[in-house]
Amino acid sequence: MMDPNLTTIDFRLYAHWIVLLPMIGFLLELLIGKYTWRKGGMFATLSILGSMIISYGCLYNVYVQELGFWEYSWDWFYPGIVAGFTIDPLSLAMLCMVSFISFFIHFYAIGYMSHDCAKNVYFAETALFTGSMFGLVLSNNLLQLFIFWEMVGVCSYLLIGFWWHKPEAAAAGKKAWMSCAVGDCLFLLGIAMMYTIMVKQGITTEIISFNNIFQNLEHLSHETIFGMSALTIICILFMCGVLGKSAGFPLHVWIPDAMEGPTTVSALIHAATMVTAGVYLIARAFPIFLAAPNALMIVAFMGAFTALYASTLGLVVNDLKRIFAYSTISQLGYMIAILGCGAVLGVAAVAYAIFHLVAHAFFKALLFLSSGSVLHGIGNIRDIKEMGGLLKGMPWTGYAMLAGALALIAFPFTAGYYSKDRIIEDAYIYATNGGDLGYMVWIFLVLGVILTATYTFRAWYLAMTGEPRSYPAIRPHECGFWMKTTLVVLSVFALGLGIMTGGGVKFWHFLEETFVHETQTASGVYPGLDLHEIGLLGGNTLMQHGAHPPQWVIYLPLLLMIAGLAIATTVYYKNRIDVSKYVKKDNPLYQILWNKYYLDYLFKDIIAEKIIMTVFTFWDVLDRYVIDGVVNLLSWITIQAGQVGRKLQTGVVQNYATAVIFGVSMLMILVIMFRGGL
Amino acid sequence: MIPLQYYLLLAGILFAIGAYGIMTLSNGIRLLMCVELMLNAANLNLVAFSTHINDVSGQVFALFSIALAAAEAAVGFAIILMVYRLRTEIDIENVKLLRW
């Protein structure tokens, strides 16, 4: 049983330490990490362990002891702008997932980064990365969330470019930063607009705190900008931020390149600390999206399109890590799509999305860490065409990757089976209950399933089975203690998370309390929201009671998954079908996929180099001749006036004396004239 | 009793001579002497008016003014002495290094 003393601690009051501990870890690691155990890594790992303990303590308080949701905040630099923390099921689910995964990734990195010469810098940056994500998750207001959102971006830039001496890594860091920046600017604009319309309502305290916005949605929904609902515009701007951070189409281009960073960083970015931020933002701001007409339709469509789009790209890539990177984009698409389905499903959609997010975090971290182990074992070769037969040399890694792959393709009874199939079933319910673009969303998601199974097992078969296709692959070496432990722990969760949570039901019930239950604050209580009424503000009619899809809809994803698995097995394991005649540069379809639908070409060669450079040329001429011309003309006039005027200063005393006497005389004459006497 | 107008006329003449000297002369010492003339014209006025209205404070003020003039003369002559040491002349029309 639990120690009775522990049960009296209200961990919710220490929530700020969840953020502060990794920040302290960051400083210690940066300043003195080099002189400690194994030249770095100790402070970062321990500080995140501390955050993890507080997070699970909060979970215990809220889930087991039912102490209620809690929020506290204090005024910051400007009245009405607060810094604050919120503890509710949504933030708790994220906190527990992020701290757990991040802790094990740090644990793994102690082994993985053991040969790196700047270990303490690496661990300092990952601690800051994790701490920023904690801050983002705990934020109770938009501005604080945005600050941590940007800090996460900065850390990802630093870590993707961690091996900066490689030009590709430096370029990848820049690309990640720039792609996110496009979305972030629009996100900031959305926050500014939200601030404006809240101030217009006469609200002076907690102006952009989430709970306060939710309470005022009824008034806010009457605001219009350019004849459109202000909330819809704000939600679209938020969505742009989400597309940048959560790698939605078309701002996902940075994700494949981000594979240049250390594999542990890829695991952190994909599982815990970066791309989940966007999904979390929609989940956190869900009532706003619900109250905005058409906003959730855009979310659902963009998510479903991204899910299918990215999974087609995963089919042709040969880089082991990039295959998993595309699968991340695709799975994030599933999460965003189901959040969009919230227009019909209500808060249950948030629960499904976050459950898939958590399940995905476990199996994606596992996939990346096991591919990191492969890279470690065969000398940083990432091309699956040069692997093969690795299962014999590194069985731990191989079976761990198999566990992750099974969870990714939603094999029965793994974590992904409960989370992803639920999403697809509910997308069907969304479609049948009058969701906008419903069948299109559902079809996209269903097609994604078969592609996911194919490309995932293409990677696994090519890497792990068959004959070694390069010299390093003949004698791979298995990873050590730190990495093996992590792989085992994550495998257990990737396979068993669904069963542990009773098929996800316990998780969903816990998450569905978000928004609808009251939240205590230091000064009062925010009452729970009636999401049905909020939905009506945005023209969304929520389902009153649960619906069950027909049997064939439930079994369809399973069948398609088996079909995809069968395709992969036939082609890449049994080698029954030779695909090499299609996989050629002269096949136009292959070429489109290989060039990633020419998006990189469009962004870099056309938009960046042609359009922006042309604009810059005009700007340069304007700047050099018009703006500079005005400035130079003014200075020329001043200089010329000075040349003439300074001759007045002769330096001869008599001239000054004469001027004084003349001046005083004139003054006296004037006084006499106008006053008629002295 | 000499009428007030005579004093004022004398002071006016003295002041005019001083001002004329300042505007036309270029010898540093002569210049200072002209300044003294102008100051003393003002002092004369002060004393004359003070006697005229039977108030002694004007004469006290004249004493201050004389002390001030002495100080001013000391500083002025010191400057002219330095100019002489530097340039072996005291023609202030040529002392115009610090212009444009």
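Residues numbered from 1 in each chain as written. Chains lettered and ligands numbered in written order. Predicted model: local features only at pLDDT ≥ 70, side-chain atom pairs only at ≥ 80, totals over all residues. Heavy atoms only, no water.

### Observations concerning the overall build of chain A
For clarity, the threshold we go by: In this text, helices come from DSSP runs of H or I with a minimum length of four residues, and strands from runs of E with a minimum of two, each type numbered from the N-terminal end. When a residue's accessible area, from a 1.4 Å probe over protein chains only, is under 20% of the maximum for its type it is buried; when over 50% it is exposed; and in between it is partly exposed. In this analysis, two residues are considered to be in contact whenever any of their non-hydrogen atoms come within 4.5 Å of each other. Here the open area of atoms and residues is found with the Shrake-Rupley method and a 1.4 Å probe, where only the protein chains shown may cover a residue. His is not counted, nor are the chain ends, whereas Lys and Arg count as positive and Asp and Glu as negative. To locate a charge, the coordinates of NZ of Lys, CZ of Arg, CG of Asp or CD of Glu are taken.
In terms of helices and strands, chain A carries 29 helices and 6 strands. Projecting the C-alpha coordinates of chain A onto the three principal axes gives extents of approximately 120 × 60 × 55 Å. Counting the 678 residues in chain A, one finds 58% classified as buried. For chain A, the share of sequence-separated contacts (at least 6 apart) that also reach a separation of at least 24 residues comes to 79%. Within the structure as shown, chain A displays about 28,100 Å² of accessible surface, and the carbon and sulfur contribution to it stands at 69%. Within chain A, the 39 negative side-chain charges are centred at a point lying 13 Å from the centre of the 36 positive side-chain charges.

### Some remarks on the overall build of chain B
Note the threshold: For this measure, only C-alpha atoms enter the radius of gyration; the expected value for a globule follows 2.2 Å times N^0.38, where N is the number of residues.
Of the regular secondary structure elements, chain B holds 3 helices and 0 strands. A compact globule built from 100 residues should have a C-alpha radius of gyration of about 13 Å, whereas chain B, at 17 Å, is more than 25% larger. Oriented by its inertia axes, the alpha-carbon framework of chain B measures out at about 50 × 25 × 25 Å. Within chain B, the proportion of its 100 residues that are buried is 25%. Taking the contacts inside chain B whose residues are at least 6 apart along the sequence as the reference set, 53% of them involve residues at least 24 apart. Summed over its atoms, the accessible surface of chain B is roughly 6,900 Å², and 72% of this surface lies on carbon and sulfur atoms. Side chains of chain B give 5 positive and 6 negative charges; the mean places of these two sets differ by 14 Å.

### Overview of the pattern of salt bridges
All names here are of chain A. The criterion, for reference: We define a salt bridge as a side-chain nitrogen of Lys or Arg found within 4 Å of a carboxyl oxygen belonging to Asp or Glu.
Taken as a whole, this structure holds 12 salt bridges over all chains when the rule is applied. Notably, a salt bridge pairs Lys175 with Asp257, separated by 3.2 Å at the nearest N-O pair. Of this pair, Lys175 sits in helix α6 (residues 167–200) while Asp257 sits in helix α10 (residues 254–257), placing them 82 residues apart in sequence. As a salt-bridge pair, Asp426 and Arg422 come within 3.0 Å of each other at their nearest N and O atoms.

### Some points on the side chain of Ser47 of chain A
All names here are of chain A. Note the cut-off: By the criterion applied in these results, polar contacts are pairs of N or O atoms within 3.5 Å in which, for protein atoms, one can donate a hydrogen and the other can accept it, and in which residues neighboring in sequence qualify only through two side-chain atoms.
Among the secondary structure elements, Ser47 is positioned in helix α2 (residues 42–64). On the basis of relative accessible area, Ser47 is assigned to the buried category, the value being 8%. Within polar-contact distance, the side chain of Ser47 engages the backbone oxygen of Ala44 at 2.9 Å. Among all residues touching Ser47, those that are not within four sequence positions of it are Leu21, Pro22 and Gly25.

### Some points on the nonpolar core
Note that soluble globular proteins tend to have their nonpolar side chains buried in a common cluster. So the rule is basically this: Within this scheme, the nonpolar core is defined by two criteria: the residues are buried Ala, Val, Leu, Ile, Met, Phe, Trp, Tyr or Cys, and they are joined through side-chain atoms within 4.5 Å.
Counting residues in each nonpolar core, the largest one holds 233 residues, and the members touching the most others are Ile101, Met194, Trp254, Ile354, Leu445 and Phe457 of chain A. Considering each element in turn, this core owes the most residues, 22 residues, to helix α17 (residues 347–377) of chain A. Judged by nonpolar contacts, the second largest core, of 5 residues, contains Ala19, Ile22, Cys34 and Met38 of chain B.

### What to know about a nonpolar patch on the surface
To keep it simple, the criterion reads: Patch membership needs two things, relative accessible area over 30% and no salt bridge, and members are linked within 9 Å if like-charged or within 5 Å if nonpolar (Val, Leu, Ile, Met, Phe, Trp, Tyr).
Together, Ile9, Leu13, Tyr14, Trp17, Leu20, Ile24, Leu27, Leu28, Leu30, Leu31, Ile32 and Tyr35 of chain A give the surface a local cluster of nonpolar side chains, amounting to about 1,100 Å² of exposed area. Along the chain, Leu31 of chain A turns up in helix α1 (residues 15–32).

### Structural notes on the interface of chain B and chain A
Going by this rule: Accessible-area loss on putting two parts together, using a 1.4 Å probe and summing over both, is the definition of buried area adopted here. We call Asp, Glu, Lys and Arg charged. Ala, Val, Leu, Ile, Met, Phe, Trp, Tyr, Cys and Pro are nonpolar, and the rest, Gly among them, are polar.
The interface of chain B with chain A comprises 12 residues on the first partner and 11 residues on the second. Between chain B and chain A, the buried area comes to about 980 Å², and carbon and sulfur atoms account for 69% of it. Our count for the chain B to chain A interface comes out at 0 salt bridges. The interface formed by chain B and chain A holds 1 residue pair in polar contact (both at pLDDT 80 or more) in total. Looking at which element gives the most residues to the side of chain B that touches chain A, the answer is helix α1 (residues 4–24) of chain B, with 3 residues. Looking at the side of chain B that touches chain A residue by residue, the class counts come to 8 nonpolar, 1 polar and 3 charged.

### Description of the confidence of the model for chain B
Here is the rule we go by: Residue-level confidence of the predictor is what pLDDT reports, using numbers from 0 through 100.
The share of residues in chain B with pLDDT of 70 or more is 99%, and the mean pLDDT across the chain is 91. We note a pTM of 0.79 for the whole complex and an ipTM of 0.86 for its interfaces.

### As for the pairing of strand β1 (residues 69–75) of chain A
Residues and elements named next belong to chain A. Heads up, the rule is: What makes two strands pair is DSSP finding at least two bridges between them.
Examined bridge by bridge, β1 and strand β5 (residues 519–521) share 3 bridges and lie parallel to one another. Paired with Glu71 across the bridge in β5 is Thr521. Note that β1 and strand β2 (residues 82–87) share 6 bridges and pair antiparallel. Considered in β2, the bridge of Glu71 is made with Thr86. Hairpin connection, β1 to β2: the antiparallel pair is bridged by 6 residues, and Gly80 has positive phi, about 95 degrees.

### Regarding the packing of aromatic side chains
Residue and element names in this part refer to chain A. Our working rule: For this analysis, a ring pair means two rings from Phe, Tyr or Trp (six-membered ring only for Trp) whose centres lie within 6.5 Å, classed as stacked if their planes differ by under 30 degrees, edge-to-face if by over 60, and tilted for the remaining angles.
A complete count under the given rule lists 45 aromatic pairs over all chains for this structure. Pairing Phe355 with Trp508 gives two aromatic rings, centres 5.6 Å apart and planes at 80 degrees, and the pair type is edge-to-face. Taken together, the residues span a long stretch of sequence, with Phe355 in helix α17 and Trp508 in helix α24 (residues 505–511) at a distance of 153 residues. Trp508 carries the same exposure label as Phe355, and that label is buried. Measuring from ring centre to ring centre gives 6.0 Å for Trp442 and Trp552, while their planes differ by 85 degrees; the resulting arrangement is edge-to-face. Residue Trp442 is located in helix α21 (residues 438–464), and its partner Trp552 is located in helix α26 (residues 551–573); the two are separated by 110 residues in the primary sequence. Taken together, the ring pairs connect Trp37, Phe100, Phe103, Phe104, Phe107, Phe362, Phe481, Trp482 and Phe493 into an aromatic cluster.

### With respect to unusual backbone geometry
Residue and element names in this part refer to chain A. In this model, Phe249 is joined to Pro250 through a cis peptide bond whose omega is 0 degrees. For Pro250, the position within the fold is in the loop between α9 (230–245) and α10. Its identity is not glycine, yet Lys39 carries a phi of approximately 60 degrees, on the positive side. Among the structural elements, Lys39 can be located in the loop between α1 and α2. In this structure, Ala247 takes a positive phi of about 55 degrees despite not being glycine. Its place among the elements puts Ala247 in the loop between α9 and α10. Looking at Ala247, the relative accessible area reads 0%, which means it is buried.

### Comments concerning the sheet that holds β2 of chain A
Residues and elements named next belong to chain A. Strand order in this open sheet of 4 strands is β2-β1-β5-β6, and the pairing throughout is mixed. Lying at the two open borders of the sheet, with one neighbouring strand each, are β2 and β6 (525–526). The pairing of β5 with β6 spans 2 bridges and is antiparallel. Counted as the bridge partner of Thr519 is Tyr526 from β6.

### Some points on the confidence of the model for chain A
The predicted coordinates should not be examined in detail at positions where pLDDT is low. Summary statistics for chain A give a mean pLDDT of 89 and a share of 98% for residues scoring 70 or more. Looking across chain A, the model is least confident in helix α27 (residues 588–594) of chain A, with a mean pLDDT of 79, and most confident in helix α12 (residues 276–284) of chain A, with 94.

### Describing the environment of Ser373 of chain A
Residues and elements named next belong to chain A. Positionally, Ser373 belongs in helix α17. Residues Ser373 and Arg469, spaced 96 residues apart in sequence, show a C-alpha to C-alpha distance of 18 Å. Leaving out residues up to four positions away in the same chain, Ser373 has contacts with Tyr108, Met394, Thr397, Glu478, Cys479, Met483 and Leu487.

### Remarks on the side chain of Thr456 of chain A
All names here are of chain A. With respect to the helices and strands, the residue Thr456 is situated in helix α21. In terms of polar contacts, Thr456 uses its side chain to reach the backbone carbonyl oxygen of Thr452, at 2.6 Å. Those residues in contact with Thr456 that sit more than four places away from it in its chain are Ala405, Leu408 and Ile409.

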